[in-house]
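Here is how the chains run, residue by residue.
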Amino acid sequence: MKPPIDINYVCALARLELSAEERTILAPQMVKIIEWVGQLSNLRLNDPGSEVFCPLPLPLPFREDETRGSLSVEEALANSPEKNCGFIKVPRVIEEK
Amino acid sequence: MNLTSLGLAELRSLIHKKEVKAEEVIQAHLKRIDDREKDISAFLTVCGEQALARAREIDRKKDPGKLAGLPIAIKDNIVTGQIRTTCASKILGNYVPPYSATAVTKLEAEGAIVIGKTNLDEFGMGSSTEKSAFFLTKNPWDTSRVPGGSSGGSAAAVASGEAVAGLGSDTGGSVRQPAAFCGVVGLKPTYGRVSRYGLVAYASSLDQIGPLARSVEDCALLTQVIAGGDPLDSTSASEPVPDYARALDRDLTSARAAFLGDKAMEGIDPEVKQAYVRGLHALSDLGIELVERDFPAWKYALACYYIIAPSEASSNLARYDGVRYGARDPGQGSLKEMYLNTRTAGFGEEVKRRILLGTFALSSGYYDAYYAKATQTRQFICRELAQAFREVDFIITPTTPEPAFKIGAKEDPITMYLSDVFTVTANLAGIPALSLPIGLSQTGLPLGLQVMGNHFREADIFQLAFLLEKKVQFENNKIN
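Residues numbered from 1 in each chain as written. Chains lettered and ligands numbered in written order. Predicted model: local features only at pLDDT ≥ 70, side-chain atom pairs only at ≥ 80, totals over all residues.

Quick look at the overall build of chain B now. Scanning chain B from N- to C-terminus turns up 16 helices and 11 strands. On C-alpha atoms alone, chain B measures out to a radius of gyration of 21 Å, which is about the 23 Å that the 2.2 N^0.38 rule sets for 480 residues. Projected onto the principal axes, the alpha-carbon positions of chain B cover approximately 65 × 55 × 45 Å. Relative to its full complement of 480 residues, chain B shows a buried share of 62%. When contacts within chain B are restricted to residue pairs at least 6 apart in sequence, long-range pairs at least 24 apart make up 76% of them. (Helix = DSSP H or I, 4+ residues; strand = E, 2+ residues; numbered from the N terminus. Rg over C-alpha atoms; globule rule 2.2 N^0.38 Å. Buried ≥ 20, exposed ≤ 12 C-beta atoms within 10 Å, placed from the backbone. Contact = placed C-beta atoms within 7 Å.)

Looking only at helices and strands, chain A has three helices and two strands in total. The C-alpha atoms of chain A give a radius of gyration of 23 Å, which is well past the 13 Å a tight globule of 97 residues would have. Of all 97 residues assigned to chain A, the portion counted as buried reaches 10%.

A few words now on helix α10 (residues 301-316) of chain B. The end-to-end C-alpha distance of α10 of chain B is 22 Å, a good match for the 22 Å that 16 residues give at a rise of 1.5 Å each. Across the 16 residues of α10 of chain B, 14 count as buried, placing the element largely inside the fold. (Expected span 1.5 Å × (residues − 1).)

Here the focus is the interface of chain B and chain A. Taken together, the 55 residues of chain B in the interface contact 45 residues of chain A. At the level of secondary structure, the elements contributing two or more residues to the side of chain B that touches chain A comprise α10, α11 (335-346), α12 (349-362), α13 (368-391) and α14 (413-417) of chain B. Broken down by element, the side of chain B that touches chain A gets its largest block of residues, 11 residues, from α13 of chain B. Taken together, the residues of the side of chain B that touches chain A break down into 29 nonpolar, 18 polar and eight charged. (Nonpolar A, V, L, I, M, F, W, Y, C, P; charged D, E, K, R; others polar.)

What follows covers unusual backbone geometry. All names here are of chain B. Here the amide bond leading from G149 into S150 is cis, since omega sits at 10 degrees, within 30 degrees of zero. Relative to the elements of secondary structure, S150 occurs in the loop between β3 (113-118) and α5 (152-159). With a phi angle near 70 degrees, Q82 is a residue other than glycine that sits in the positive phi range. Tracing the backbone shows Q82 in the loop between β2 (71-75) and α4 (102-109). Here Q82 falls in the exposed class, since 12 other C-beta atoms lie within 10 Å of it. One non-glycine residue, F456, lies in the positive phi region at around 65 degrees. Note that F456 resides in the loop between β11 (446-453) and α16 (458-472). Given 21 C-beta atoms within a 10 Å radius, F456 is considered buried.

Time to look at the pairing of strand β4 (residues 165-170) of chain B. Residues and elements named next belong to chain B. Of all the six residues making up β4, six are buried; the element is thus mostly covered by neighbouring parts of the structure. Alignment of β2 against β4, held across three bridges, turns out to be parallel. For A73, the partnering residue across the bridge sits in β4 and is G166. With six bridges connecting them, β4 and strand β6 (residues 208-213) associate as antiparallel partners. Directly across from S169, in β6, lies its bridge partner I209. (Pairing = 2+ DSSP bridges.)

Turning next to the pairing of β2 of chain B. Residue and element names in this part refer to chain B. Taken across its five residues, β2 has five buried, putting it largely inside the fold. Of the two faces of β2, the one lined by P71, A73 and K75 and the one lined by I72 and I74 are each fully buried. In terms of strand pairing, β2 meets β3 through five bridges, oriented parallel. Paired with A73 across the bridge in β3 is G116. Note on the crossover from β2 through α4 to β3: the handedness is right-handed. (Right-handed = clockwise from strand over helix to strand, strands pointing away.)

Within the element layout of this structure, L77 of chain A appears in helix α3 (residues 73-77). Sequence separation between L77 of chain A and I88 of chain A is 11 residues; the distance between their C-alpha atoms is 7.1 Å.

Listed below in structure tokens is the structure:
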């Protein structure tokens with residue numbers, strides 16, 4: 001049976017790369033797990049409920065739309081892997097031709 | 001006096017009466033950590049100097065708070081300002097948060113002291129604390145076995161006397177299962193009862209911070225402090241927090257509890273079954289009316305959970321891209337290559353597995369069959385539970401299908417996922433559930449009983465568990 005999962009496509013979506021060894025282990029495991037969770041298709045529901053579900057048994061509270069204090073620039077950048085002049089530095093986004 | 005064997009309530013009383021200094025309490029626990037860590041490995045970070053400095057500060061205060069001087073172990077996915085918080089992941093190996101979680105801020109406001117940050121399965125994804133990127137934690141009752149997970153570090157630290165109590169997080173059983181394996185009490189509160197602000201997100205609709213302690217009373221005292229609404233978490237509930245400690249002494253003779261029949265117990269370890277039956281007899285002796293009940297929807301709970309949790313994880317963990325914080329691949333490639341290489345090197349195998357599973361379940365062409373179906377199933381489970389709670393006050397189950405298993409015994413992921421069979425339902429429905437130790441197996445391993453209640457009925461759960469605790473007297477069992 002064709003596995004229901006294209007592991008290369010899913011890895012690309014998730015921005016992950018698997019080594020050959022990881023692929024050997026993970027790919028068949030993924031197929032098995034997806035088959036296992038697929039048991040939900042056997043469940044016939046009279047009331048499908050809503051597409052969105054919140055486990056809080058109360059209405060979500062709203063707050064006033066007002067500004068509040070936040071981290072300083074120094075605090076916000078303290079864990080940045082690379083920074084320059086108060087900004088986070090990343091590789092060039094628009095590549096040169 | 002052995003300060004590390006005393007409970008939170010006892011230590012609190014001694015410190016309040018000035019019979020013991022907070023500094024002495026911290027010193028005793030740091031010594032205990034020194035003695036036990038080579039065998040247990042519960043802590044990723046021990047905050048020795050900071051904790052002692054804080055203890056001295058508390059000893060000088062006139063009104064130092066309800067939890068003054070008490071050493072608390074914090075799971076390392078709960079952020080602590082200026083204390084490294086790793087989630088047991090290489091990708092956050094050097095992360096020092098600029099702020100603390102609301103639960104930690106509340107504990108510290110009452111004088112509690114963070115004694116250290118405890119080990120976990122990476123980002124909370126696991127049931128054994130073997131999936132930490134750094135090292136595994138061992139069960140204090142038998143160091144050849146796992147402490148459970150993912151809050152295995154906090155559970156092991158509390159069980160071995162390295163901390164008087166701890167905080168964990170529970171997404172599918174991650175407080176209750178290690179509590180059961182380590183012979184301590186653990187609560188997953190109602191979704192929204194405790195702020196999630198500063199809890200590093202794994203699956204946001206399931207995650208809750210919960211306490212671990214050596215008695216029901218201690219667990220209730222800790223919950224009292226950390227519970228309540230929080231403007232920093234829009235999913236926290238502003239419902240008033242009852243006085244949980246006072247609730248322990250109320251009468252409970254007219255309560256009804258549902259228990260599981262033989263069919264639901266198929267495949268469960270015989271000693272767990274026996275302990276469960278003993279627990280039910282104890283409840284009956286306490287005057288609780290017991291009602292056998294089937295929960296047909298529960299057989300879908302694990303599959304439902306293992307779609308919803310990874311789906312939410314795949315979205316939540318997208319933030320680890322090497323840009324703003326955490327590790328970054330040092331290569332000189334493009335932005336996309338940096339994302340890819342950072343994530344590939346930074347995440348462990350189980351995290352990758354769950355991200356991939358969630359990405360698949362949310363992907364075009366599969367969303368309806370997997371994620372949407374799981375969301376519908378979740379509501380089906382909730383409706384069944386809501387119906388049950390119209391008829392009973394509690395649902396009683398074992399916490400785990402077996403006692404603590406051997407390190408390395410569960411290499412197959414599905415076999416590991418089955419460890420959560422009794423616990424995931426409470427997370428899916430957002431209801432509170434507590435695990436308390438009910439006895440020991442013949443080989444001396446703790447066995448847990450789970451008490452589930454309706455939303456915001458933590459006080460009732462504590463009350464029932466408190467009565468049961470007095471009846472079974474687990475505290476007479478000591479770790480060798």
